[in-house]
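# Examining the three-dimensional arrangement
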Amino acid sequence: MAGVNKVILVGYLGKDPEIRNLEVGLIRASFSMATTEVHKDKNGNKIEHTEWHNILLWRGLAENAEKLLKKGSMIYLEGKLQTRDWMDKEGRKHYITEIVGDSFQLLDRKEHSGNQNNPQHIDPPKMTDINGGSSDLPF
């Protein structure tokens, strides 16, 4: 039986996407995303728990993130968990778990303005595919 590695998040960007153009011609966007769960304790007090997630987007999806997303944007994101490791200068091994996005949808309300031809207005994408139609993965 094959395994399933699927993540679905709805939350807010903690910072603007950081865009990197890699030497091999790939574009990568990375940002943090917060999800908050709210419940009440036995005394009826509201309890909030915020979890922070490290997000990576590649290729066309990264380009769309650069155009559409900013700190505070609310998005729906689908992807998969990926853990990687590296050695620091002192020889210590470090690990990080990230979510590699397959698609996202901007959930922010559109800004209403009197100018319908506002060149800065970009309609949000429909669930954008990470590969832009290609099946090559950068990792």
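Residues numbered from 1 in each chain as written. Predicted model: local features only at pLDDT ≥ 70, side-chain atom pairs only at ≥ 80, totals over all residues. Heavy atoms only, no water.

## Some points on the overall build of the protein
The line we're drawing: Helix and strand assignments follow DSSP, with helices taken as H or I runs no shorter than four residues and strands as E runs no shorter than two, numbered in order from the N terminus. Residue exposure (1.4 Å probe, protein chains only): buried if accessible area is under 20% of the type maximum, exposed if over 50%, otherwise partly exposed. Note on areas: Shrake-Rupley, 1.4 Å probe, and residue coverage restricted to the protein chains presented here.
For the protein, the count of helices and strands is one helix and six strands. Listed by position from the N terminus, the elements making up the protein come as β-β-β-β-α-β-β. In the protein, which comprises 139 residues, the share counted as buried stands at 32%. Accessible surface, the protein: about 9,900 Å² in total, of which carbon and sulfur atoms supply 47%.

## A look at unusual backbone geometry
With a phi angle near 55°, Arg59 is a residue other than glycine that sits in the positive phi range. Within the secondary structure, Arg59 is located in helix α1 (residues 59-68).

## What to know about the confidence of the model for the protein
Spelled out, the test is: As a per-residue measure, pLDDT tells how confident the predictor is, with possible values from 0 to 100. The contact rule is simple, with two residues in contact once any of their heavy atoms fall within 4.5 Å.
On average, the protein scores 83 in pLDDT, and the residues at 70 or more come to 78%. The model gives residues 112-139 a pLDDT under 50, and that stretch makes 45 contacts with residues more than four places away or in other chains.

## Comments concerning the environment of Lys93
Structurally, Lys93 is set in strand β6 (residues 93-106). Those residues in contact with Lys93, other than ones at most four positions away along the chain, are Asp85, Trp86 and Met87.

## What to know about the environment of Asn54
When you line up the elements, Asn54 lands in strand β4 (residues 46-58). Residue classification places Asn54 among the partly exposed residues on the basis of a relative accessible area of 36%. Separated by 22 residues in sequence, Asn54 and Ser32 place their C-alpha atoms 4.8 Å apart.

## Observations regarding the pattern of salt bridges
This is how it is decided: For this analysis, a salt bridge means a side-chain nitrogen from Lys or Arg found within 4 Å of a carboxyl oxygen belonging to Asp or Glu.
Per the counting criterion, the structure on display carries five salt bridges. Close ionic contact of Arg92 with Asp88 constitutes a salt bridge, the shortest N to O distance being 3.0 Å. A relative accessible area of 18% means that Asp88 is categorised as buried. Here Arg92 makes a salt bridge to Glu90, at a shortest N to O gap of 3.0 Å.

## With respect to the side chain of Ser30
Considering the arrangement of structural elements, one finds Ser30 in strand β3 (residues 27-40). Each residue touching Ser30, except ones within four places of it in the same chain, is listed here: Lys15, Asp16, Pro17, Glu18, Ile55 and Leu56.

## A short note on the pairing of strand β2 (residues 18-21)
The line we're drawing: By this definition, two strands are paired if DSSP reports at least two bridges between them.
Of the pairings in the sheet, the one linking β2 to β3 comprises four bridges and is antiparallel in character. Bridge pairing in β3 places Ile19 opposite Ala29. The antiparallel pairing of β2 with β3 creates a hairpin that spans five residues between the two strands, and Gly25 there sits at a positive phi of about 90°.

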